[in-house]
Amino acid sequence: MTADHDADDELLDDETLEKLQTMEARAYAAFDAGDLAEATALFGELIELTPELPNLHYMRGLAHKYLRNWPASLQDNLRSEQLRDAFDEATAWNAGIAATGAGDWAQARRQWTRCGITLPEGEGPIDGNFGVACVRLNPWSSGETVYMRRLDPVRARLENVPLPESGFRFGDIVLHDGASTGHRSHGERQVPVFNAMQRLQQSDMATHAVFVQCDGPEDIAALRALTLPGIGLAEDWTHSVRHLCLRCSYGTPHQHDDDRGDDETRDDDHWKGERNLGIAAQSRAAVEKLMAVWTAAGSGRVLEAIEQREHPLPDPKPGQVWWLGHEDAEEPSP
């Protein structure tokens, strides 16, 4: 077994020890390869044979976390916690994530308090202000990154209008992982990027793709300033949506052959009249009203089309190791 198991190894005969070491190596290899079902099964067999080893419960809980099986992950991490002589922060964090995913707010509050995190008083869901960060939606798929307002250590509300293909909406409440996988600029400071694990609560603000023509950035500013019932947010996707390579996506930007300066500067100096907008709204009628007010208030403003399509949230596939940070991820070959 591993170094953590030295005391227990002394109680095992050579044949049994060799069998357990082989099985453990297979379990870790399955986990590292993204075969989470095989990893949970192998760690489960090891637990049956050596039930008092906290690391095995922790690892099965980690595999269950990435399978998004929250009750099983919580149970494994709580057992790992019980078997340890001292506080283990990684176990507490994974227990807190699993408890949040399972909606066990008493246990989630207990784990965050054990980690030294100050929470708003009360019971039930935590409604705090843990600052702005970025979240990578569907990290096993498109990996679109948007800003979010954190409500607790691993739960947040989306503050951008995601592309429809992501399946997410402006205002969705999501569960994200506890480890940062990079950083992005937010104003003059850097904020962490976390992988989204699951949507916990869907917003009533459906995403509408709106195609318009206008003469300059002041027209878009005027649209964003409008406040009408049923409208959550209007975002200029032509300006805000950028397609990044893997290295840039994980917060380590570098020079590209086609880089020609800052995106915002290029947009303002070479204005494109055709704009693609993302508008979060409760209904198409609300969007139509918004666009009617906007086009009537300025010359050169033309509405070309409003489209609204729902897309399912994609699930990870076996063999995807989507949870690694940029230091572990390899950029794909051209």
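Everything quoted here is computed from the prediction, not taken from an experiment. (Residues numbered from 1 in each chain as written. Predicted model: local features only at pLDDT ≥ 70, side-chain atom pairs only at ≥ 80, totals over all residues. Heavy atoms only, no water.)

(A) Summary view of helix α4 (residues 54-66). The end-to-end C-alpha distance of α4 is 19 Å, a good match for the 18 Å that 13 residues give at a rise of 1.5 Å each. Of all the 13 residues making up α4, twelve are buried; the element is thus mostly covered by neighbouring parts of the structure. Regarding α4, the residues found buried are P54, N55, L56, H57, Y58, M59, G61, L62, A63, H64, K65 and Y66. Check the buried side of α4 and you find it contacts α2 (14-32), α3 (36-49), α5 (70-83), α6 (89-102), β4 (173-186) and β5 (189-201). (Helix = DSSP H or I, 4+ residues; strand = E, 2+ residues; numbered from the N terminus. Expected span 1.5 Å × (residues − 1). Buried < 20%, exposed > 50% of the residue type's maximum accessible area, 1.4 Å probe, protein only. Contact = heavy atoms within 4.5 Å.)

(B) Geometry of the side chain of R169. Mapping R169 onto the fold places it in the loop between β3 (155-158) and β4. Leave out the neighbours within four places in its chain, and R169 touches L158, P162, R199, Q202, S203, D204, M205, A206, T207 and E310.

(C) Structural detail: the pairing of β3. As judged from the four bridges shared by strand β2 (residues 145-152) and β3, these two strands associate in the antiparallel manner. When the bridges of β3 are listed, R150 appears paired with A156. Joining the antiparallel neighbours β2 and β3 is a turn of two residues. Strand direction decides the pairing type here: β3 and β4, joined by three bridges, are antiparallel. Residue pairing across strands places A156 opposite V174, the latter belonging to β4. (Pairing = 2+ DSSP bridges.)

(D) Expanded view of the sheet that holds strand β6 (residues 206-213). The four strands lie next to each other as β7-β8-β6-β9, forming an open sheet whose pairing is antiparallel. One side of each edge strand has no neighbouring strand; the edge strands of this open sheet are β7 (231-236) and β9 (302-307). Pairs of neighbouring strands in the sheet enclose a mean axial angle of 25 degrees, with direction left out of account. As defined by bridge partners, β6 adjoins strand β8 (residues 274-281) across eight bridges and the pair is classed as antiparallel. Paired with A206 across the strands is A281, a residue of β8. (Axes fitted to C-alpha atoms, helices over the stretch in contact; angles between N-to-C directions.)

(E) Quick peek at the pairing of β4. Where β4 lies against β5, nine bridges are found, and the strand directions are antiparallel. Each residue of the ladder has a partner; that of H183, found in β5, is P192.

(F) Just the packing of aromatic side chains, in detail. Considering all chains together, one arrives at eight aromatic pairs under this definition. Taken together, a centroid distance of 6.3 Å and an interplanar angle of 40 degrees make the contact between F31 and Y66 tilted. One end of the pair, F31, is in helix α2; the other, Y66, is in helix α4, and 35 residues separate them in sequence. The pair F31 / Y66 is uniform in exposure class, with both members buried. Each ring, one from Y66 and one from W323, has its centre 4.4 Å from the other, and the planes form 5 degrees; the classification is stacked. Pair noted here: Y66 is in helix α4 and W323 is in the segment after β9, with a separation of 257 residues, a long-range link. The buried category is assigned to W323, whose relative accessible area is 9%. Three or more aromatic residues link up through ring pairs in this structure, and these residues are F31, Y66, W140, W322 and W323. (Phe/Tyr/Trp six-rings, centres within 6.5 Å; stacked < 30°, edge-to-face > 60°.)

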